[in-house]
Amino acid sequence: MDNYDVLIVGAGTAGLMLARELGKSGLKTLLLDRKKDLLSFSFSTLGSFIDLDRYQLTDYVVAQKMETAVLYSRYFTRTIKGNGYILDKSKLHEELINSIDSNYVNFKTGVHIKEIIKDASGQITQVLDKNGNNYTGKIIVDASGTVGVISKQVGLMPKSVLLGTGVEYNVKYKGNPSQGHLFVGKQYQGGYGWIFPLQNGRAILGFGTFDNQVAKELKHRLNDILELPLIQSLVEKDNETVEGGSLPITPVLEKFVQQNLVCVGDSVSQVNPIVGEGYKFIFEAAIMASKAIIEALAKKDLTLLHSYEVAWRKKFLTNYKRAKYSQEKIFKYSKKDYLVDMAILLTKLRSDESIIRSLSGEVYD
Ligand SMILES: Cc1cc2nc3c(=O)[nH]c(=O)nc-3n(C[C@H](O)[C@H](O)[C@H](O)COP(=O)(O)OP(=O)(O)OC[C@H]3O[C@@H](n4cnc5c(N)ncnc54)[C@H](O)[C@@H]3O)c2cc1C
């Protein structure tokens, strides 16, 4: 068996970004994923206020640039100017994979990790797949997304988490190709709707909710939304393909490291609670984790891995706690149209720039 510095479980958003950073430093890394095709996804577009240059990504990953976004309540709208992106998830992951240094980083796909083995001191010595094959590394990373295959076993992530679920249709689009739309209010049943414009007169129409009851019949709800006059004025459905997925919305966690285990991404709930944006925040966390891993291995001191948690808390914790508080209020009040109307009216008192800062999670210094 090869002797790896770092073993990463999960070659998704977090795992790929982390592997790219580790590869740059010449650390021998093995990335495992249960999927056979790393570029097949249950949904294909993401809204983001990401700074592409910061993550050395190119325009290739952009499905459409957004210059304005419109927020809708029942009676009011607020149009915000500001640059955002609709990202093509598949192209973004493809670009990340191509930028990973294959001299140092190996991939193994179709490997479904099931359990871990620890020694008497509590360090993970082996990771086992469901066929009983074992893998090891000096440092083990859980980047398995909402599955949290290790983070849940060791108690860094609660076993049962509340999930937000979203479903989407790819539809014909009659609106402005550089304008995105976000709909909140009673008609969206405690969730929200969105339209992400794409090129060639198409768009993604989505509906997401945090309400478990509504989540059970999401496709029906998406069809209900399609009947709304406002939605009909913007899009037209011409196929039955529904895409979707879930993301964790429950906890704001502060601990991502345990002995030689490091967790990144949805496996430790790093999606911004209010914005719902995972990419930018997960990239930031992966870069922080990579710095801690590189230092811990160079100095042969695993306690240095905790510098990742310290850096994350310093940059995000206050913001995430505030966002979590707002998220709870939004869940509670978004079914009451007059409150959503009031919220939209209040946004008129704020500058476009300050709203974009809130929407983008204010991460940049
Ligand atoms: C419907 C929906 C809409 C979203 N919209 C946006 C958006 O607009 N903008 C945005 O920025 N973010 C959005 N997100 C969030 C974003 O997609 C996630 O936060 C991000 O992809 C999480 O990255 P990750 O690497 O933690 O997990 P993932 O990207 O899910 O990667 C986890 C990987 O681990 C693998 N894996 C899982 N279990 C095992 C196992 N046992 N063994 C081996 N491999 C395993 C999986 O196959 C997968 O490849 C959305 C999420 C959803 C569900």
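Residues numbered from 1 in each chain as written. Predicted model: local features only at pLDDT ≥ 70, side-chain atom pairs only at ≥ 80, totals over all residues. Heavy atoms only, no water.

Draft legend 1. Structural context of the sheet that holds strand 18 (residues 261–263). With mixed pairing, the 6 strands of this open sheet are ordered in space as 6-2-1-10-18-17. Since the sheet does not close on itself, it has two edges, and those belong to strand 6 (105–109) and strand 17 (257–258), each with one partner. Bridge count for strand 1 (residues 4–9) against strand 2 (residues 29–33) is 4 bridges, and the pairing is parallel. Across the sheet, residue isoleucine 8 finds its bridge partner in strand 2, namely leucine 31. (Pairing = 2+ DSSP bridges. Helix = DSSP H or I, 4+ residues; strand = E, 2+ residues; numbered from the N terminus.)

Draft legend 2. Local environment of the site of the ligand. Close to the ligand lie 30 residues; Ala14, Asp33, Gly47, Asp266 and Gly278 are nearest. Contact distances for the ligand include 3.1 Å between a nitrogen atom and a backbone N or O atom of arginine 34. Between the ligand and glycine 47, the relevant distance is 2.8 Å, taken from an oxygen atom to a main-chain nitrogen or oxygen of the residue. Against a free-state accessible area of 1,000 Å², the protein chains account for coverage of 91% of the ligand. In the shell around the ligand, the residues fall into 12 nonpolar, 12 polar and 6 charged. (Near = heavy atom within 4 Å. Polar contact = N/O pair within 3.5 Å; in protein donor to acceptor, adjacent residues only side chain to side chain. Areas by Shrake-Rupley, 256 points an atom, 1.4 Å probe, with all protein chains shown as cover. Nonpolar A, V, L, I, M, F, W, Y, C, P; charged D, E, K, R; others polar.)

Draft legend 3. Molecular detail of the packing of helix 1 (residues 13–24) against helix 2 (residues 89–99). Between helix 1 and helix 2, the least distance of the axes is 9 Å, while the angle of their chain directions is 25°. Between helix 1 and helix 2, the interaxial angle falls into the category roughly parallel. Here the hand of the crossing between helix 1 and helix 2 comes out left-handed. Packed against helix 1, whose contacting residues are Thr13, Leu16, Met17 and Arg20, the element helix 2 presents His93, Leu96, Ile97 and Ser99 at the interface. Taken together, the residues that form the contact of helix 1 with helix 2 break down as 4 nonpolar, 3 polar and 1 charged. (Axes fitted to C-alpha atoms, helices over the stretch in contact; angles between N-to-C directions. Parallel < 35°, antiparallel > 145°, perpendicular 65-115°, else oblique. Left-handed = near helix turned anticlockwise from the far one by under 90°. Contact = heavy atoms within 4.5 Å.)

Draft legend 4. The nonpolar core, seen in detail. Within the largest apolar cluster, 73 residues are counted, with the highest numbers of intra-cluster contacts made by Val141, Ile150, Val264, Ile293 and Tyr308. Top contributing element to this core by residue count: helix 6 (residues 279–298), with 13 residues. Discounting chain neighbours no more than four positions away, the residues touching isoleucine 293 are Val6, Leu18, Leu22, Leu27, Ile139, Val141, Val262 and Leu305. Core analysis: the second largest hydrophobic core is formed by 20 residues, Val70, Val167, Phe183 and Ile195 among them. (Core = buried A, V, L, I, M, F, W, Y, C linked by side-chain atoms within 4.5 Å. Buried < 20%, exposed > 50% of the residue type's maximum accessible area, 1.4 Å probe, protein only.)

Draft legend 5. How the structure looks around the domain arrangement of the chain. Each assigned domain of the chain is listed here: domain 1 (3–42 + 91–160 + 252–326) and domain 2 (51–88 + 162–248 + 333–360). Domain 1 and domain 2 are separated by 29 Å when their C-alpha centres are compared. With 23 residues of domain 1 in contact, the opposing surface of domain 2 contributes 20 residues. The junction of domain 1 with domain 2 conceals about 1,900 Å² of combined surface from both sides, 52% of it contributed by carbon and sulfur atoms. Seen at the junction of domain 1 and domain 2, the total is 1 salt bridge. Measuring nitrogen to oxygen at the nearest pair gives 2.7 Å for the salt bridge that ties glutamate 284 to arginine 54. The tally of links between domain 1 and domain 2 comes to 10 residue pairs in polar contact (both at pLDDT 80 or more). At the level of secondary structure, the elements contributing two or more residues to the side of domain 1 that touches domain 2 comprise helix 1, helix 2 and helix 6. Grouping the constituent residues of the side of domain 1 that touches domain 2 by class yields 9 nonpolar, 5 polar and 9 charged. (Domains from an automatic or database assignment. Buried area = accessible area lost by both parts, 1.4 Å probe. Salt bridge = Lys/Arg side-chain N within 4 Å of Asp/Glu carboxyl O.)

Draft legend 6. Region of interest: the sheet that holds strand 9 (residues 134–135). Strands sit in the order 7-8-9 across an open sheet of 3 strands; the sheet is antiparallel. Each edge of the sheet is formed by a strand with only one pairing partner; in this case those strands are strand 7 (113–118) and strand 9. Inspection of the sheet shows strand 8 (residues 124–129) paired to strand 9 by 2 bridges, in the antiparallel sense. What sits directly across from valine 127, in strand 9, is tyrosine 135.

Draft legend 7. A look at the environment of valine 127. By the secondary structure assignment, valine 127 is in strand 8. Residues valine 127 and lysine 114, spaced 13 residues apart in sequence, show a C-alpha to C-alpha distance of 7.7 Å. Sequence-distant contacts of valine 127, that is, excluding residues within four places in its chain, are made with Leu7, Val9, Ile113, Glu115, Ile116, Asn133, Asn134, Tyr135, Ile140 and Ile150.

Draft legend 8. Spatial organisation of the pattern of salt bridges. Overall, the coordinates contain 17 salt bridges when judged by the stated rule. For arginine 221, the salt bridge identified is with glutamate 217, shortest N-O distance 2.6 Å. Residues arginine 221 and aspartate 224 are paired through a salt bridge, measuring 2.2 Å at the closest nitrogen-oxygen approach. Of this pair, arginine 221 and aspartate 224 both sit in helix 4 (residues 218–226), 3 residues apart, which is roughly one turn of that helix. Classification of aspartate 224 by relative accessible area gives partly exposed; the value is 36%. Counted as one network, the salt bridges with shared partners bring together Arg20, Glu21 and Lys24.

Draft legend 9. Structural context of the packing of aromatic side chains. Summed over the entire model, instances satisfying the criterion amount to 13 aromatic pairs. Ring geometry for tyrosine 192 against tryptophan 194: centres 5.7 Å apart, planes inclined by 45°, an arrangement best described as tilted. Under the relative-accessibility criterion, tyrosine 192 is labelled partly exposed at 28%. Judged by relative accessible area, which is 11%, tryptophan 194 ranks as buried. Centroid distance tryptophan 312 to phenylalanine 316: 5.5 Å. Interplanar angle 55°. Geometry classified as tilted. Pair noted here: tryptophan 312 and phenylalanine 316 are both in helix 7 (residues 306–333), with a separation of 4 residues, about one helical turn. A residue is classified by how much of its surface remains accessible, and tryptophan 312, at 1% relative accessible area, is buried. Judged by relative accessible area, which is 1%, phenylalanine 316 ranks as buried. In this structure an aromatic cluster arises from ring pairing among Phe256, Phe281, Tyr308, Trp312, Phe316 and Tyr320. The aromatic ring of tyrosine 4 is capped on one face by lysine 28, whose charged end is 5.4 Å from the ring centroid. (Phe/Tyr/Trp six-rings, centres within 6.5 Å; stacked < 30°, edge-to-face > 60°. Lys NZ or Arg CZ within 6 Å of the ring centre and 35° of its normal.)

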